[in-house]
Amino acid sequence: MKLNKLKDIKADEFMIFASLPDMGRVGGLVSSFLSQHVKTEQVAEITSSEKPWVSHADGVVKSTSDIYNISYDKRHKLLIFTGESQPQDPGELHSLCNMLLDYVQSIGKVRRLYGAGGYLREQLTGSPRVCGVVNRHEMKKVLTKVGIDPVGNEITSITWFNGLILGLAAERGIDAIGLFGEIAETNVPQPLAAKTIISAFSKLEGISIDTRPLDRQYDSILEEIQKKKEPSKFGPGIG
């Protein structure tokens, strides 16, 4: 695993939003949307090539690597970490989290770290809510102030990157908040859950973010699902 700095930055105090795809790809949708819809500049990337497999195409194999992007919004003093996948090996996952935290602490004082992900509620009705967790008891009032309910006690663990990064941040004295959007489906991207998380983050930090593109993304997903359900207009044939 290797960190490549593309630009040196320093900040007296800044915040981080770090999340990766999980159930319904919610964590990845949130971080990638933020990196594209606030004014960011890529400042670093982390490359992980420690895979127990290779890719294959047309009889040829080659080594596989994952690239995680780190961008910075100077206006809002916001660092965003995003990627297309999660490490599947626990050791690699710990290395990724610690490499990210080492890097951000080299920049300056981290005011707050945010994470995000999907919150599976199979009996979900109506618009999805966002629920939250904190890594320090005193921070619960931050969520209460803006009307965010805590994640239910039926959840006893939050796995992989979107959970681990919150715990490792606590070990380094970094305050962190995890925002989790309700979903009823895990295998289809859930942009409405991502929208609720971004709206909650916007309220917490006073940053105006237009989430309408996520509504359009949701409409496109519904159209694709409907197309797959519709029977073909044509029978077997040639030509």
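Please refer to the structure higher up on the page.
Residues numbered from 1 in each chain as written. Predicted model: local features only at pLDDT ≥ 70, side-chain atom pairs only at ≥ 80, totals over all residues. Heavy atoms only, no water.

Draft legend 1. Examining the overall build of the chain more closely. Secondary structure assignment for the chain yields 6 helices and 11 strands. A globule of 239 residues ought to have a C-alpha radius of gyration of about 18 Å, and the chain, at 19 Å, matches this closely. A principal-axis box enclosing the C-alpha atoms of the chain has dimensions of 70 × 45 × 35 Å. Buried positions account for 43% of the 239 residues belonging to the chain. Partitioning the intrachain contacts of the chain with sequence separation of at least 6 by distance along the chain shows that 76% fall at a separation of at least 24. (Helix = DSSP H or I, 4+ residues; strand = E, 2+ residues; numbered from the N terminus. Rg over C-alpha atoms; globule rule 2.2 N^0.38 Å. Buried < 20%, exposed > 50% of the residue type's maximum accessible area, 1.4 Å probe, protein only. Contact = heavy atoms within 4.5 Å.)

Draft legend 2. Quick peek at the pairing of strand β3 (residues 41–48). Sheet topology places strand β1 (residues 2–5) next to β3; 4 bridges connect them, and they run antiparallel. Bridge pairing in β3 links K2 to T47. Pairing of β3 with strand β6 (residues 66–73), which is carried by 7 bridges, proceeds in the antiparallel orientation. If you follow S48 over to β6, its bridge partner there is D66. (Pairing = 2+ DSSP bridges.)

Draft legend 3. Spotlight on the side chain of D73. In this structure, D73 sits in strand β6. Buried charge without a partner: D73 forms no salt bridge, and the closest opposite charge is R75, 6.5 Å away. Apart from residues no more than four positions distant in its own chain, D73 is found in contact with V38, K39, T40 and L78. (Lys, Arg positive; Asp, Glu negative; His and termini not counted. Salt bridge = Lys/Arg side-chain N within 4 Å of Asp/Glu carboxyl O.)

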